[in-house]
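Spelled out from the first residue to the last, the chains are:
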Amino acid sequence: MGNNGLKLFLLLHISNIIRTLCYTTKLASGLYAKSDPARAKKLAIFSSKMSQTRATLRLFDDLPMLAYSLNYGYGSKEPDRWMGMIGFITNLIDHAYYPVDKICWLIEHNLLNVENPTRWDTINSMLWVASIYLNLMKTIRSFTVMEQHKSCIDKKENESSQAFRMLLIKQRMEAISILRLSLDLVHAGSTLPKGMLWGGRFQTWHVGLIGSISSLLGLYQYVAKKRIVKQSS
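Conventions and cut-offs
- Each chain carries its own residue numbering, running from 1 in the direction its sequence is written.
- Per-residue local features of the predicted model are confined to residues with pLDDT of at least 70, and side-chain atom pairs are confined, for both listing and counting, to 80 or more; whole-chain, interface and lining totals are unaffected and use all residues.
- To obtain the side-chain values, all non-hydrogen atoms of the structure were included, while hydrogens and water were left out.
- Here a strand is any run of E in DSSP of at least two residues, a helix any run of H or I of at least four, and the numbering for each starts at the N terminus.
- Exposure classes here rest on a 1.4 Å probe applied to the protein chains alone. A residue is buried below 20% of its type maximum, exposed above 50%, and partly exposed in between.
- Residue contacts are counted whenever heavy atoms from the two residues lie within 4.5 Å of one another.
- In these tables, accessible area is a Shrake-Rupley quantity obtained with a 1.4 Å probe, and a residue counts as shielded only by the protein chains included in the view.
- Residue count minus one, scaled by 1.5 Å, sets the expected span of a helix.
- UniProt positions are given in the numbering used here, feature names are shortened, and annotations may be inferred rather than shown by experiment.
- Salt bridge criterion: a side-chain nitrogen from Lys or Arg within 4 Å of a carboxyl oxygen from Asp or Glu.

1. Focus on the overall build of the chain
The helix and strand inventory of the chain stands at 9 helices and 0 strands. Secondary structure of the chain in N-to-C order comes out as α-α-α-α-α-α-α-α-α. Per-residue burial for the chain yields a buried fraction of 37% across its 233 residues. Considering only contacts in the chain between residues 6 or more positions apart, those separated by 24 or more positions represent 68%. Just so you have it, the chain exposes about 14,400 Å², and 62% of that area is on carbon and sulfur atoms.

Following this line, the structure appears as structure tokens:
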């Protein structure tokens, strides 16, 4: 990757890079908690600052999300009507998530006083869980549709074709997305209050490990998708 490509990568995916730093240092902090408490504390502070940076960057996601939703519409461009319906509902949930996330940010920084701050955190986590779950269901549906398309192809004539190879590559990418979203769902569920799903049951290094693997998979997918676009052009 050249210098220009590296710069573009950093600019476009700085949020994912920050996310990776956040969770890898959280993982390291958890692992050093007993053997080196001083180092663990420094890593925890760095992880916390990266998390705060991500939260601040999300304050500016409303307009890009609105533009995406308007372009997406009711999901008529999706290959399957169920995928379109799930995508449309997911967008509605995301539009509810961002204002709540901003309220949580204001509360955290003592810029807004409310009677029950914990309630807003819970609503925020519930919307996050719902969004990830629906994205996971949509991705599983996409993988299933690709499998159906693949089974309809006359392999003797087409299994060596470029189109068939690209279908296999895209299906593998969807499989990776299913894994990544499953990890994100586990993580999101752990932020819920105790008594809801598996909320509050994970240790620091558990969250760090799950978040690190998910973030690294996301970075890998970006690089792989760039390669796929280059091959298909």
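Anyway, onward from the coordinates.
2. Concerning the environment of Cys104
By secondary structure assignment, the location of Cys104 is in helix α5 (residues 81-108). Taking the C-alpha atoms as reference points, Cys104 and Asp121, separated by 17 residues in sequence, lie 6.4 Å from one another. Residues in contact with Cys104, not counting those within four places in the same chain, are Trp120, Asp121 and Asn124.

3. Topic: helix α2 (residues 14-31)
With 18 residues, α2 should reach 26 Å at 1.5 Å per residue; the first-to-last C-alpha distance of 26 Å fits that figure. When we look at burial in α2, the residues that qualify are Asn16, Ile17, Ile18, Arg19, Thr20, Cys22, Tyr23, Thr25, Leu27, Ala28, Ser29 and Gly30.

4. Focus: the UniProt feature "transmembrane region" (unreviewed entry) in the chain
In the numbering used here, UniProt assigns the "transmembrane region" (unreviewed entry) feature to residues 204-223. Spanning residues 204-223, this segment combines 100% helix with 0% strand, and its end C-alpha atoms are found 29 Å apart.

5. Some points on the pattern of salt bridges
Under the defined criterion, the tally for this structure stands at 6 salt bridges. Taking the shortest distance from any N to any O, the salt bridge between Arg19 and Asp184 comes out at 3.0 Å. Highlighted residues: Arg19 in helix α2 and Asp184 in helix α8 (residues 162-190), separated in sequence by 165 residues. In this structure, Arg19 and Asp184 share a single accessibility class: buried. The partner of Glu78 in a salt bridge is Lys138, with the nearest N and O atoms 2.8 Å apart. Of this pair, Glu78 sits in the loop between α4 (62-72) and α5 while Lys138 sits in helix α6 (residues 117-152); the two residues are 60 residues apart in sequence, bridging distant segments of the chain. Comparing Glu78 with Lys138 shows no difference in burial state: the two are buried.

6. Remarks on unusual backbone geometry
Phi is positive for Asn110, which is not a glycine, with a value near 60 degrees. Secondary-structure assignment places Asn110 in the loop between α5 and α6. A residue is classified by how much of its surface remains accessible, and Asn110, at 67% relative accessible area, is exposed. A positive phi angle is found at Leu197, which is not glycine, with a value near 50 degrees. With respect to the helices and strands, Leu197 occurs in the loop between α8 and α9 (204-232). With relative accessibility at 47%, the residue Leu197 sits in the partly exposed group.

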